[in-house]
Amino acid sequence: MDAFWVVSALAVAGFAGWPVTALVFRLARTIDERADAAKAAEDSRRKAEDPAADVTVDPVRPARPAPDRGSQNVDGELTAPRDQPASSAPGPQGSGQRILRGGAIIGVLERLGVCLAILTSQPVAIAYIVAIKGLGRFAELKETPVAAERFIIGTLTSMLWAAGTGAVVKVLFLS
């Protein structure tokens, strides 16, 4: 019977953790968008009140919009322009290479490892999992702040889900 609970805990931790993590990403993106909108409104209010902010624009040459460094693709994945490495800043929508490739598979493996570490009373294994994951992504995270933020949110969400699942099963069914 213990094997059933261990397998069930691993299944719930590993595979049901993805929707939870996706929900947390969506919540974080909503909060960021609200903060960005509030900042943009404040900036436009300041410019409207500042008489020194009047700028004459040459009607022959329209101003070029600044590139959006924090854009996301239609499916919510971070992207980088095709001519830049994946570890550089994200580029415009739809044209790019994914940043933090393999994150879904790494997340499943991470949750399985954390849950198994809790179930087998080996919490030191969680430190190894975090270290391996961080070292594997170090170059990408160092160069791309958006990817680093996504990495931290995803890792913490995944680990909390897996540890919670493992702890509940261990306390309720394996004691």
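Note that the structure is predicted; figures quoted are calculated from it, not measured.

The rules behind each value
- Residues numbered from 1 in each chain as written.
- Predicted model: local features only at pLDDT ≥ 70, side-chain atom pairs only at ≥ 80, totals over all residues.
- Heavy atoms only, no water.
- Phe/Tyr/Trp six-rings, centres within 6.5 Å; stacked < 30°, edge-to-face > 60°.
- Buried < 20%, exposed > 50% of the residue type's maximum accessible area, 1.4 Å probe, protein only.
- Helix = DSSP H or I, 4+ residues; strand = E, 2+ residues; numbered from the N terminus.
- Contact = heavy atoms within 4.5 Å.
- Salt bridge = Lys/Arg side-chain N within 4 Å of Asp/Glu carboxyl O.

A. The packing of aromatic side chains, seen in detail. Tallied over the entire structure, the rule returns two aromatic pairs. Seen in terms of ring centroids, F4 and W5 are 5.0 Å apart; in terms of plane orientation they differ by 70 degrees. Their pairing is edge-to-face. Accessibility expressed as a relative area gives 47% for F4, which makes it partly exposed. Each ring, one from W5 and one from F173, has its centre 3.8 Å from the other, and the planes form 5 degrees; the classification is stacked.

B. A look at the environment of L119. Relative to the assigned elements, L119 resides in helix α3 (residues 103–119). With relative accessibility at 13%, the residue L119 sits in the buried group. Taking the C-alpha atoms as reference points, L119 and V6, separated by 113 residues in sequence, lie 7.4 Å from one another. Excluding anything up to four places from it in sequence, L119 contacts V6, A9, G166, V169, K170 and L174.

C. Local environment of the side chain of E110. Considering the arrangement of structural elements, one finds E110 in helix α3. For E110, a relative accessible area of 4% corresponds to the buried category.

D. Structural context of the pattern of salt bridges. Here the structure, examined in full by the defined rule, presents four salt bridges. Here R46 ties to E42 by a salt bridge, and the two come within 3.3 Å at their closest N and O atoms. In this pair, R46 and E42 are both assigned in helix α2 (residues 17–49), four residues apart and thus about one turn of the helix distant. Of the charged contacts, one joins E140 and R137 as a salt bridge, the two residues approaching to 3.3 Å between their closest N and O atoms. A residue pair is termed a helical-turn pair when its members lie 3 or 4 positions apart in one helix, as E140 and R137 do in helix α4 (residues 124–143) at three residues. The two residues E140 and R137 agree in class, both being buried.

Geometry only, nothing functional implied.
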